[in-house]
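Close look at the chain arrangement
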There are 2 protein chains.
Amino acid sequence: MRSVSIIGAGTTPFGEHWEKSFRELIAEAGTAALQSSGLAGKDIQAIYGGCMASGRFIGQEHIGALIADQLGLNPIPATRVEAACASGGVALRNAYLVVSSGAYDVVAVGGIEKMTEVSTEEAAIALGGAGDQETELFHGASFPALYALIARRHMYEFGTTEEQMALCAVKNHRNATGNPNAQYRKEITLEDVMQSGYVASPLKLLDCSPITDGAAALILCSTEKAKKMGFDNAIEIIGSAQASDSLALTGRKSLTEMLATKVAVKEAYAQASVKPSDIDFAEVHDCFTIAEILAIEDLGFFKKGEGGKATEEGRTALNAEISINPSGGLKAKGHPVGATGIAQAAEACMQLLGKANGRQVKGAEIGLTHNVGGSGATAAIHIFRRMQ
Amino acid sequence: MRSVSIIGAGTTPFGEHWEKSFRELIAEAGTAALQSSGLAGKDIQAIYGGCMASGRFIGQEHIGALIADQLGLNPIPATRVEAACASGGVALRNAYLVVSSGAYDVVAVGGIEKMTEVSTEEAAIALGGAGDQETELFHGASFPALYALIARRHMYEFGTTEEQMALCAVKNHRNATGNPNAQYRKEITLEDVMQSGYVASPLKLLDCSPITDGAAALILCSTEKAKKMGFDNAIEIIGSAQASDSLALTGRKSLTEMLATKVAVKEAYAQASVKPSDIDFAEVHDCFTIAEILAIEDLGFFKKGEGGKATEEGRTALNAEISINPSGGLKAKGHPVGATGIAQAAEACMQLLGKANGRQVKGAEIGLTHNVGGSGATAAIHIFRRMQ
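Quick notes on the rules
- Residues numbered from 1 in each chain as written.
- Chains lettered and ligands numbered in written order.
- Predicted model: local features only at pLDDT ≥ 70, side-chain atom pairs only at ≥ 80, totals over all residues.
- Heavy atoms only, no water.
- Helix = DSSP H or I, 4+ residues; strand = E, 2+ residues; numbered from the N terminus.
- Buried < 20%, exposed > 50% of the residue type's maximum accessible area, 1.4 Å probe, protein only.
- Contact = heavy atoms within 4.5 Å.
- Areas by Shrake-Rupley, 256 points an atom, 1.4 Å probe, with all protein chains shown as cover.
- Lys, Arg positive; Asp, Glu negative; His and termini not counted.
- Charge placed at Lys NZ, Arg CZ, Asp CG, Glu CD.
- Expected span 1.5 Å × (residues − 1).
- Buried area = accessible area lost by both parts, 1.4 Å probe.
- Salt bridge = Lys/Arg side-chain N within 4 Å of Asp/Glu carboxyl O.
- Polar contact = N/O pair within 3.5 Å; in protein donor to acceptor, adjacent residues only side chain to side chain.
- Nonpolar A, V, L, I, M, F, W, Y, C, P; charged D, E, K, R; others polar.
- Pairing = 2+ DSSP bridges.
- 1 Å grid on protein atoms, 1.4 Å probe; cavity = no way out; pocket = protein on both sides within 12 Å on 5 of 7 lines; lining within 4 Å.
- Points joined across faces, edges and corners; volume = space filled by probe spheres on them.
- pLDDT = per-residue confidence, 0-100.
- Least-squares fit on C-alpha atoms with pLDDT ≥ 70 in both.

Overview of the overall build of chain A
- Tallying secondary structure elements over chain A gives 14 helices and 12 strands in all.
- Along the first, second and third principal axes, the C-alpha atoms of chain A reach 55 × 45 × 40 Å.
- Expressed as a percentage of the 388 residues in chain A, the buried residues total 66%.
- In chain A, of all internal contacts separated by at least 6 residues, the share reaching a separation of at least 24 is 78%.
- Summing over all exposed atoms, chain A offers an accessible surface of approximately 12,400 Å²; the carbon and sulfur share of this is 50%.
- Averaging the coordinates of the 34 positive side-chain charges in chain A and doing the same for the 43 negative ones gives two points 5 Å apart.

Focus: helix α6 (residues 143-158) of chain A
Residues and elements named next belong to chain A.
- Over its 16 residues, α6 runs 22 Å from end to end, which matches the ideal 22 Å to within 8%, given 1.5 Å per residue.
- For α6, the complete set of buried residues consists of Phe 143, Pro 144, Leu 146, Tyr 147, Ala 148, Ile 150, Ala 151, His 154 and Met 155.
- Buried positions along α6 lie against α5 (120-128), α7 (162-176), β5 (198-200), β6 (203-204), α11 (289-298) and β11 (366-373).
- Note on α6: the residue one or two positions beyond its end, Gly 159, has a positive phi of about 75°.

Section: the environment of Phe 384 of chain B
Residue and element names in this part refer to chain B.
- Of note, Phe 384 is situated in strand β12 (residues 378-386).
- In this structure Phe 384 comes out as buried when scored by relative accessible area, which is 0%.
- In this structure, the C-alpha to C-alpha distance between Phe 384 and Ala 78, residues 306 residues apart in sequence, is 25 Å.

Things to note about the interface of chain B and chain A
- Contacts between the two partners involve 56 residues from chain B and, on the opposite side, 56 residues from chain A.
- In total, about 4,100 Å² of surface goes out of reach between chain B and chain A, with carbon and sulfur atoms giving 48% of it.
- There are 4 salt bridges connecting chain B and chain A.
- With a shortest N-O distance of 2.8 Å, Asp 132 of chain A and Arg 23 of chain B are connected by a salt bridge.
- Between chain B and chain A we count 36 residue pairs in polar contact (both at pLDDT 80 or more) in total.
- Mapped onto the side of chain B that touches chain A, the elements with two or more residues apiece are α2 (54-58), α3 (63-70), β3 (78-82), α4 (87-100) and β8 (235-244) of chain B.
- Broken down by class, the residue content of the side of chain B that touches chain A amounts to 27 nonpolar, 19 polar and 10 charged.
- Relative to β3 of chain B, strand β3 (residues 78-82) of chain A is paired through 3 bridges, and the arrangement is antiparallel. Bridge assignment links Glu 82 of chain A to a residue of β3 of chain B, and that residue is Arg 80 of chain B.

Describing empty space enclosed by the protein
- All told, the structure shown has 3 cavities of 30 Å³ or more when counted by the stated rule.
- Counted as a void, the largest cavity has a volume near 50 Å³.
- In terms of lining, the largest cavity is formed by Tyr 147, Met 258, Thr 261, His 285, Cys 287, Ala 291, Leu 294, Ala 295, Asp 298, His 370 and Val 372 of chain A.
- Put simply, the parts of the chain that give the lining of the largest cavity at least two residues each are α11 and β11 of chain A.
- Looking at side-chain class alone, the lining of the largest cavity contains 7 nonpolar, 3 polar and 1 charged residues.
- Computed from the structure, the second largest cavity encloses a volume of approximately 40 Å³.
- Looking at the second largest cavity, the residues that line it are Ala 46, Ile 47, Tyr 48, Pro 77, Ala 78, Thr 79 and Tyr 104 of chain A together with Arg 93, Asn 94, Leu 97 and Gln 242 of chain B.
- Looking at the lining of the second largest cavity, the elements that each hand over two or more residues are β2 (46-50) and β3 of chain A together with α4 of chain B.

Some points on the environment of Phe 231 of chain B
All names here are of chain B.
- Tracing the backbone through its elements, the reader meets Phe 231 in the loop between α9 (223-228) and β8.
- Residue Phe 231 is classed as buried on the basis of its relative accessible area, which comes to 13%.
- Separated by 60 residues in sequence, Phe 231 and Lys 171 place their C-alpha atoms 35 Å apart.
- Sequence-distant contacts of Phe 231, that is, excluding residues within four places in its chain, are made with Ile 7, Ser 37, Leu 39, Ala 226 and Met 387.

What about the pairing of strand β7 (residues 213-222) of chain A?
Residues and elements named next belong to chain A.
- Burial runs high along β7: 10 of the 10 residues are buried.
- Where strand β1 (residues 4-11) and β7 come together, 7 bridges link them in antiparallel fashion. Within the sheet, the bridge partner assigned to Thr 11 lies in β7 and is Ala 216.
- In the sheet, strand β4 (residues 106-114) pairs with β7 via 9 bridges, with the strands oriented antiparallel. Of the residues in β7, the one forming a bridge with Lys 114 is Asp 213.

A word on the confidence of the model for chain A
- Mean pLDDT over chain A stands at 97; residues scoring 70 or higher make up 100%.
- Model confidence for the complex: the whole-complex pTM is 0.98, and ipTM, which rates the interface, is 0.97.

What to know about the relation of the copies chain B and chain A
- For the pair chain B and chain A, the best superposition has an RMSD of 0.0 Å and corresponds to a rotation of 180° with a translation of 0.0 Å parallel to the axis. In short, the pair behaves as if placed about a two-fold rotation axis.

Re the pattern of salt bridges
- Counted under the stated rule, the structure contains 52 salt bridges over all chains.
- For Glu 257 of chain B, the salt bridge goes to Lys 262 of chain B, with nearest N and O atoms at 2.9 Å.
- Judged by relative accessible area, which is 34%, Lys 262 of chain B ranks as partly exposed.
- A salt bridge links Arg 315 of chain B to Glu 313 of chain B; its shortest N-O distance comes to 3.6 Å.
- Residue Arg 315 of chain B is classed as partly exposed on the basis of its relative accessible area of 27%.
- Linked through salt bridges whose partners overlap, the residues forming this network are Lys 309, Glu 313, Arg 315 and Glu 321 of chain A.

Structural data, given as structure tokens:
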């Protein structure tokens, strides 16, 4: 297993792209990643693409072939990976594995979702397919409801408050003001969140990540080859892991921790030979604010039950104890589900290269991305540093 | 890159499983594969699952996690791969790569589709997502229409006849009489096919593969470890390759050959150090009869344009010059799209182990599987022999 580095990254702006098609978003992100690497299309040997629900959103499957086609990269192998909202992270994991193995030297990996082609109600039903259709969605438990159950239990067990959850959103919106590609580049106040309407109590509208269109792409290369090619600004993937948990909440041992995250991050820390306190920043999966609180606990940054308090104390703010979601996170950067895991990694590259401008984590040396599928049934974790 | 072998295989019967759920089909195939390997669930280190359109068919995505959950295999990584009707073959390719790389020693790979939960019209629309939604399906070109264009051009260029196409179906139905898991285990005559109604001229109802429910699974293991564990009846994967082509027919240089198949099989032959004449049998992607004719030409078994004539002359019949689709193929065994590529490999195992009973290819030593996505935009090829 060889070391693998990222030698190019690109993302589209995230938002409601009424004027752009699925194919155009792919072209934009793919071309940006390729240009940032300085390579040509002919240098790419295989493609992985994360996409959750294109069948429901735009009536299109066979997304791997579509990506290759749109980028003019036929006849190389092109594979779509789907793991709900962790589709991007799992695509990255698989692209990492095929480069690490020596099967390929240079691989493009992307993520894409075009969610605004259907009504919000249809989008909610499509997204419900990330949970258990039979025992959850069919009975009306859409995703806000599932995370509301998690939030309510976390409040009961640990005294976490609605204000503490709301402060995740406030922080992430503040971070997003420094991110030109973010969907929401404006600050919100604690009062804004607290006064927004309940979607599924205790979660309010501003506790929820939005419906978003967007794409992101990376070019992966074996570190050895990247060095030979003269790259001196590559980002090495020093940890990569993926784990699963029961699809439905009812199968979990605990509602207040995500086993898949804990298993995957343990493996990633071991591979990278780092510990939680070594991480300078993390892009975590805040599809709902409570998810960020669980994440910063399960990733080992704070003790179980203390994530809400840590957020309230400002310990997760930009350039505080650990910068959580400097990009603005899913909440404010936006959450085009299949693209999110790749966009997180693209953000890690920007931070580690010192190119994150208004949201820069000072002196960032090691970053982590945490991408979750459904209510926690899949987790993909990656750890990055500058190529040594 | 290490050698990889199949140490267990299982399939459900293929057909209209009104009485079984998606989850039950997974449990049945997964358990059968595991039992045939003699391993326990705890021995499996990762899962790959091919599935095309579960979002459209049953409202469920996140199929990797669902498979792990259903088989009690959490928290191991579980990844769904989608490549339209080549989802199974591409899942196998990816499972092969992660074992070959040394990332994992023992991996389960499955394929699943439950297609009868929706109307035939809804199924046709879902399947249309395998082609180009924008330039084909939206304008009414469903899959029979796309393959009808291919057929018409093949007839025009090479004089291929409707009778020659029909004889693929006749042969495959005959083969399926020896396959207890096949959807249609009855012979049909040339007259039956010729008198069946046109679906999209020149393709008639009995030129088309059916709507099918089913699942199949394999257990992959590094060949070295399989030998250490005492397996003496494993099937080695000696060639594995995947390629892409333009999603829409309009982007192809030729309608009468599939570039993805040609690129992939060339690579697979080179890896396996075999030539077309070394292949004793092939499970090819006969979603329509014309697709079998293209396949046996593009795979190098017959010259371009001579596939129809070769079929008419009986050269592709069971135990003739080369046994094509001894299982009954997609036409008669059935075509649960995400499962097909895995079921093809399971058939190769049965044949090479001499366990194919009424459809046994005598003295079979080397077999090939050919799995196509859409109208040819993805091809996955695998070549197998008994572990030496």
